[in-house]
Amino acid sequence: MSTASKQLPAIPVEKKKRKYYLIPTYIAVVFYVLFLGFPFIWMFSTSLKTPYELLQLHPSLIPDGFYWQNYIDIIEKRGLINSAKNSFIIALLTAALTTVFTVPAAYAIARLRKVFSGVATAWILISQVFPVSLVIIPLFMAVRRIGLLDTIWGLVLVYLVASLPFALWMLKGYVSSIPVDLEEAGAMDGASSFQILVRIVFPLLVPGIVATALFTFLNSWNEFFFALVLIQSPENETLPLTLARFMGSEGQVLLGPLAAGAFLATIPSLVIFGVMQRKLASGLLAGAVKG
Amino acid sequence: MKKSKLFAVVAAIAMTASLAVTIPARAAGIEMTYLTPAYLKGTVASTERIVADWNKANPNATVKIVYGDVNNMQDKLTTAFAGNVAPDIFQHEAASILEFSKRGYLADLSREMAPLKKTIPAGLWSVGSYKNRLYGAPTMTQTYTVFANVDAFKKAGVKIPTGTNTFTWDDYRELAKKFTTDGKYGVAWGLRSPAAMTMIMGMNYNALFFRGITTVPQISVNANELEVPTRIHQMIYTDKTIDPAALTMTGAGPVPGFLAGKYAMIFAASYVASDLDVAAKASGFNWTALPLLKGSASNKQGANPQTLSVSKQSKYPKQAAAFIRFMLQDANLAELALGEGLIPATTGSLKSALATKKDSAGWTQILDDGEALVLAPFTLVPNYQKWKDTVLQPAMQQYLQGKISLSELKKRQVEGYKAIR
Amino acid sequence: MSSVSTKEVKLKKAKKSKKAKLYNRGAWIYAMPAFIPLVLLSVVPLSQAVWTAFTDSVAGFDVKVSFIGFENFRRLAGDTLFWQSFKIGIIWAVSVTFLALFLGFGLALLLNQKLRFLGLMRVLSLVPWAMPPVVVAIMWSLLLRPQSGPIVDLFTALHIPGAQTDWLGDFNTALPTVILIGAWVGMPVITVSILAALQGIPTEMVEAAIIDGANAWKRFRYITLPAIRAITSALIALNIIWNFSSFGLVFVLTAGGPGGKTFVPALFAYNEAFKYGNFGYAASMGVVMALAIVGMLSIYLRATKKEDTQR
């Protein structure tokens, strides 16, 4: 579509005009680059500073040297690799299970009578509104009752439930955007309703599923409060828990290793997102607009 | 087919993941968990060394370290207690321990810790107790004190105050005036969250805040209670010896400016000594701590030490208490406390710490100050914490930033307590 | 999609709902797998939390809990400190949401153009989301360090008036600053969602408008805005919910200070439950907060729906 548009005669006129508003546009670009990137760059710079440099009155953006000890400390002594592995498994499982659970459910909600859909939407809202800190104790009891306290599976289950509302809300929109005629045609051919779901609906949903899975992945990767309460053993610790352990009381922070760990924790998400962003962008559309 | 491939991938991921989640084999004998907020490099290493020593000596009652972060100890413990999965042993601060002991979550350590009672200052022992039972064995603590730049004092030809019970608030005020010259301020004081500090320092003037603590507590704010804030206010606005730009910093916020020679003195909690040591090592920065400030009543400060507790739910209270005694052994406790920049609680460990730090005048002074810590009676008042967080903190911030008058500060403290639900 | 006339759409919709009923009677079975964990770990705990609001539950070893009706709510009604914080919470949630929307929308518009550094901008636009939340607040307080932090130094070098302000400590700037940082955190979800909507506008439509002589403003007004309306209202609703019930960022940045200016109600309820151990009373705060949000949102959603149907 965009290649075709370039050949249209109207566009060169546009191009001439462009120069005028290019200046404010690039001012805006500079603003956004600084606003978004500065904390990240500063974090990287911090991760390379010695404890003494971090006590400087006027800290500089460029560190005196490369103090890799921060990275060595967090990896060797604080089990960052193990936490990252746990977080990765948890985030991946959550994303996969959320998909498996929400696709049929979203299908049902989108295709069923209004009452059911209304109840579901209301629940989605209500479950998000109540402050998490007040639900945590009953939730903790529930997880204990099913014997999944201090396990990776317990956390996966909780994240699954936490991400269901948003995922359902998005996927419901994608399903609605699939013309029902297609399913009708499938039914004519004698396919069962399960076959319709798997063969016809599922493939059309792939972009939406990718988007939902990414949302779920990142939210689980960075989640702190549930993990804090539900995980006890160091070997089951997740990344945000490990990072939180670099903070002391009264605002005291072990800055160097914390920044190093946070930098390492940020990179995978940025890479995944950088690669997937196009799909995410197109996938988000249908779900959000129709929801 | 495409979809079956996808399902296969999902299944494969799920399977590898479940394989990765294996439960480690348990050792023979009992295993206790020890929840610690240790986070500094040195303290983590010391904790691990001490626990390894314990496990070697007690293969039938081993301890497993669980790290928690200090800012979320409260959430973690509250849920763990409610769900009956609390750690056997944990380190926390006395102020919060009090709440847990009132709620009946902690085991009484009085008998198990009795042999150590005479080595722990009475003030600290009482802070860890509730209704004459010990619920938290005090381990290490901090004081609030004035730090001085030794070179700046030498240059100005000013003698550095030393000794115990010698340095008054008036002396401090004069000293601050001496160093306020050429557009420089004598003192920086990070007062972003001033509530706890002003309450603790209030003990200098016998500030009690409440009457009838054991019966029906009633708030009473008078001259004694208002003395410390008034004095700080005077230094900021009358003498102009405290840098107003540093007022809104956190407690340790002025340290970089102090290191850069911006101020001759800072007022801070004693743990900043470990930051000062970093600078001393890297650039030869020459610091010391002055004697504790002394008011009309004393140089006493309210104590809020770190404590070790055993949860009531623990199946092995005896072994857990034995482990606490092990942690409190002189060499162990000294090492742990110095790692955090804190003062060890027992006399033996204090001696050991003093021996380690005998070349540092600042540390010698700080370590000598542990005796001045006492139980601040107001911590026992129900709703004290809530009053401190929601009433005192904002009112004190406003007063010290010059937004409200002293009489308004008093009014808010009194009426705020009555309004608490 | 949008080239289809509205009449056709309406016809199709009518057809669709009839067919849907015919072909998908058994569809509820598909909702079951999601339903079970949802009931177990969401409906049950949430109902318990709501129930707690009607009890005198406090933290304690073997404490008895009894039903006390609306007592907690009566007590809460007179709790001036809570209502003060409630007001701050509304200001916080609404401002963060709209500021994030404004900034995110601007960024999405930029990303939708053919510009240099687009790849870099795309990755950067995700930074606030990818950075672990526990670190975000710490990095910002580091950047905003009073007197000599990087931002103060930068502003001083640029001779910006008020450069020496302690943004997080000053009574007038603390809440706006925290709101700005909240918006920074909230931007990526908004940017990505709106960008998707923008990219969904058919190029033919824009071209046709250009040929018809519509200027940039008119194209924005009649093509761009309608295209993002639906997603925008959804984003507003969700963001207000998320922001109103969160306090982690504020807690690390200002701990509710200075002078209680940033003491959001979620922090208030958290303290009540975990610091002071009053589970029942805290839960009643949660219920009131939830009701307030549901009330606000239903008015808002109804209003946007009305607008939609009027179009």
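Per chain, residues are indexed from 1 in the order of the written sequence. For this description, chains carry letters from A and ligands carry numbers from 1, given in the order in which they are written. Local features in this predicted model are restricted to residues of pLDDT 70 or higher, and side-chain atom pairs are both shown and tallied only at a pLDDT of 80 or more, whereas totals for entire chains, interfaces and linings draw on every residue.

**Digging into the overall build of chain C**
Line of reasoning, step 1. Each helix and strand counted, chain C has 14 helices and zero strands in total.
Line of reasoning, step 2. For chain C, the N- to C-terminal ordering of α and β elements is α-α-α-α-α-α-α-α-α-α-α-α-α-α.
Line of reasoning, step 3. Across chain C, the fraction of contacts at a sequence separation of at least 24, relative to all contacts at a separation of at least 6, is 69%. Each helix is a run of H or I in the DSSP string that is no shorter than four residues. Each strand is a run of E no shorter than two, and both are numbered from the N terminus. In this description, a residue-residue contact is defined by the distance between C-beta atoms placed from the backbone, which must lie within 7 Å.

**Digging into the overall build of chain A**
Line of reasoning, step 1. Looking only at helices and strands, chain A has twelve helices and zero strands in total.
Line of reasoning, step 2. Of the regular secondary structure in chain A, the N- to C-terminal order runs α-α-α-α-α-α-α-α-α-α-α-α.
Line of reasoning, step 3. Any residue with 12 or fewer other C-beta atoms within 10 Å of its own C-beta is exposed, any with 20 or more is buried, and the rest are partly exposed; the C-beta atoms used are placed from the backbone. Residues classed as buried in chain A amount to 52% of the 291 residues present.
Line of reasoning, step 4. Sequence-distant contacts, at least 24 apart, represent 77% of the contacts inside chain A between residues at least 6 apart.

**A word on the nonpolar core**
Line of reasoning, step 1. Think of a nonpolar core as buried Ala, Val, Leu, Ile, Met, Phe, Trp, Tyr and Cys residues chained together by C-beta atoms that fall within 7 Å. Ranked by size, the top nonpolar core spans 305 residues in total, and within it A:Val158, B:Phe147 and B:Val187 carry the most contacts.
Line of reasoning, step 2. A total of 18 residues in this core trace back to one element, the largest contributor, which is helix α7 (residues 152-176) of chain A.
Line of reasoning, step 3. Excluding residues that lie within four positions of it along the chain, A:Val158 makes contacts with A:Leu139, A:Val143, A:Phe226, A:Leu230 and C:Leu41.

**Comments concerning the sheet that holds strand β11 (residues 265-269) of chain B**
Residues and elements named next belong to chain B.
Line of reasoning, step 1. Taken together, four strands build an open sheet; the order of strands is β8-β11-β7-β12 and the sheet is mixed. Strands with a single pairing partner mark the edges of an open sheet, and in this sheet they are β8 (187-189) and β12 (287-289). Strand-to-strand twist across the sheet, computed as the mean angle between neighbouring axes with direction ignored, equals 30°.
Line of reasoning, step 2. Strand direction decides the pairing type here: strand β7 (residues 144-149) and β11, joined by five bridges, are antiparallel. Each residue of the ladder has a partner; that of Tyr 144, found in β11, is Ala 269. In short, DSSP must find at least two bridges between two strands for them to pair. Orientation is described by lines fitted to C-alpha atoms, with helices fitted over the stretch in contact, and by angles between N-to-C directions that extend from 0 to 180 degrees.

**Quick notes on the interface of chain C and chain B**
Line of reasoning, step 1. Facing 26 residues of chain C, the contacting portion of chain B comprises 29 residues.
Line of reasoning, step 2. Every element with two or more residues in the side of chain C that touches chain B is listed here: α4 (80-111) and α13 (265-275) of chain C.
Line of reasoning, step 3. Among the elements that make up the side of chain C that touches chain B, the one with the highest residue count is α13(C) (three residues).
Line of reasoning, step 4. Just so you know the grouping, Ala, Val, Leu, Ile, Met, Phe, Trp, Tyr, Cys and Pro go in nonpolar, Asp, Glu, Lys and Arg go in charged, and all remaining residues, Gly too, go in polar. Of the residues assigned to the side of chain C that touches chain B, the class counts are nine nonpolar, twelve polar and five charged.

**Focus on the sheet that holds strand β1 (residues 30-36) of chain B**
Strands belonging to one sheet form pairs held by backbone hydrogen bonds; the direction of such a pair is parallel or antiparallel.
All names here are of chain B.
Line of reasoning, step 1. The strand order across the open sheet built from six strands is β2-β1-β3-β14-β6-β15, with neighbouring strands paired in mixed fashion. Where the open sheet ends on each side, the last strands, each with one partner, are β2 (61-67) and β15 (343-344).
Line of reasoning, step 2. When strand β6 (residues 137-141) meets β15, the two strands line up antiparallel, connected through two bridges. Bridged to Met 140 within β15 is Pro 344.

**Observations regarding the domain arrangement of chain A**
Line of reasoning, step 1. An automatic or database domain assignment supplies the start and end points of every domain. As far as domains go, chain A holds domain 1 (2-47) and domain 2 (79-290).
Line of reasoning, step 2. Of the residues that constitute the side of domain 1 of chain A that touches domain 2 of chain A, the class distribution is two nonpolar, two polar and no charged.

**Considering helix α16 (residues 361-368) of chain B**
Line of reasoning, step 1. Considered for burial, the residues of α16(B) that qualify are B:Gly362, B:Trp363, B:Gln365, B:Ile366 and B:Leu367.
Line of reasoning, step 2. Buried positions along α16(B) lie against β7, α12 (273-283), β12, β15 and α15 (347-356) of chain B.

**Let's talk about the confidence of the model for chain C**
All names here are of chain C.
Line of reasoning, step 1. Per-residue confidence from the predictor is reported as pLDDT, which spans 0 to 100. When the pLDDT values of chain C are averaged, the result is 84; 88% of them are 70 or greater.
Line of reasoning, step 2. Considering only residues more than four positions removed or in separate chains, one finds that residues 1-23, a stretch of pLDDT under 50, has eleven contacts.
Line of reasoning, step 3. Under the prediction, the complex receives an ipTM of 0.84, its pTM being 0.86.

**Quick look at the interface of chain C and chain A**
Line of reasoning, step 1. The partner chain A presents 77 residues to the 77 residues of chain C that form the contact.
Line of reasoning, step 2. Ranked by residues supplied to the side of chain C that touches chain A, first place goes to helix α2 (residues 28-52) of chain C with 15 residues.
Line of reasoning, step 3. Its residues placed into classes, the side of chain C that touches chain A shows 59 nonpolar, 13 polar and five charged.

**Structural notes on the environment of A:Val119**
All names here are of chain A.
Line of reasoning, step 1. Tracing the backbone shows Val 119 in helix α5 (residues 114-129).
Line of reasoning, step 2. Take Val 119: there are 11 C-beta atoms within 10 Å of it, and that puts it in the exposed class.
Line of reasoning, step 3. Val 119 sits ten residues away from Ile 109 along the chain, and the two C-alpha atoms are 9.7 Å apart.

**Comments concerning the packing of helix α9 (residues 195-202) of chain B against helix α17 (residues 384-400) of chain B**
Residues and elements named next belong to chain B.
Line of reasoning, step 1. Between α9 and α17, the least distance of the axes is 9 Å, while the angle of their chain directions is 90°. Overall, the two elements α9 and α17 adopt an arrangement that is roughly perpendicular. Contact with α9, carried on its side by Ala 195, Ala 196, Thr 198 and Met 199, involves Lys 388, Leu 392, Gln 393 and Met 396 of α17 and no other residues of that element.
Line of reasoning, step 2. Its residues assigned to classes, the contact of α9 with α17 shows five nonpolar, two polar and one charged. Angle categories: roughly parallel below 35 degrees, roughly antiparallel above 145, roughly perpendicular from 65 to 115, and oblique for all the rest.

**A word on helix α8 (residues 169-178) of chain B**
Line of reasoning, step 1. Buried within α8(B) are the following residues: B:Trp169, B:Tyr172, B:Leu175 and B:Ala176. Along the axis of α8(B), the buried residues cluster in a sector spanning 120°; they form a single face. Directions are taken from the helix axis to each C-beta atom, and the arc is the one they span.

**Regarding the packing of α9(B) against helix α10 (residues 223-238) of chain B**
Residue and element names in this part refer to chain B.
Line of reasoning, step 1. Viewed as axis vectors pointing N to C, α9 and α10 meet at an angle of 125°, and their least axial separation amounts to 9 Å. Relative to α10, the element α9 is oriented oblique. α10 is crossed by α9, and the crossing has right-handed handedness. Between α9, through Thr 198, Met 201 and Gly 202, and α10, the contact on the second element is made entirely by Glu 225, Val 228 and Pro 229.
Line of reasoning, step 2. Taken together, the residues that form the contact of α9 with α10 break down as three nonpolar, two polar and one charged. Note: crossing handedness is left-handed where the near helix turns anticlockwise from the far helix by less than a right angle, and right-handed where it turns clockwise.

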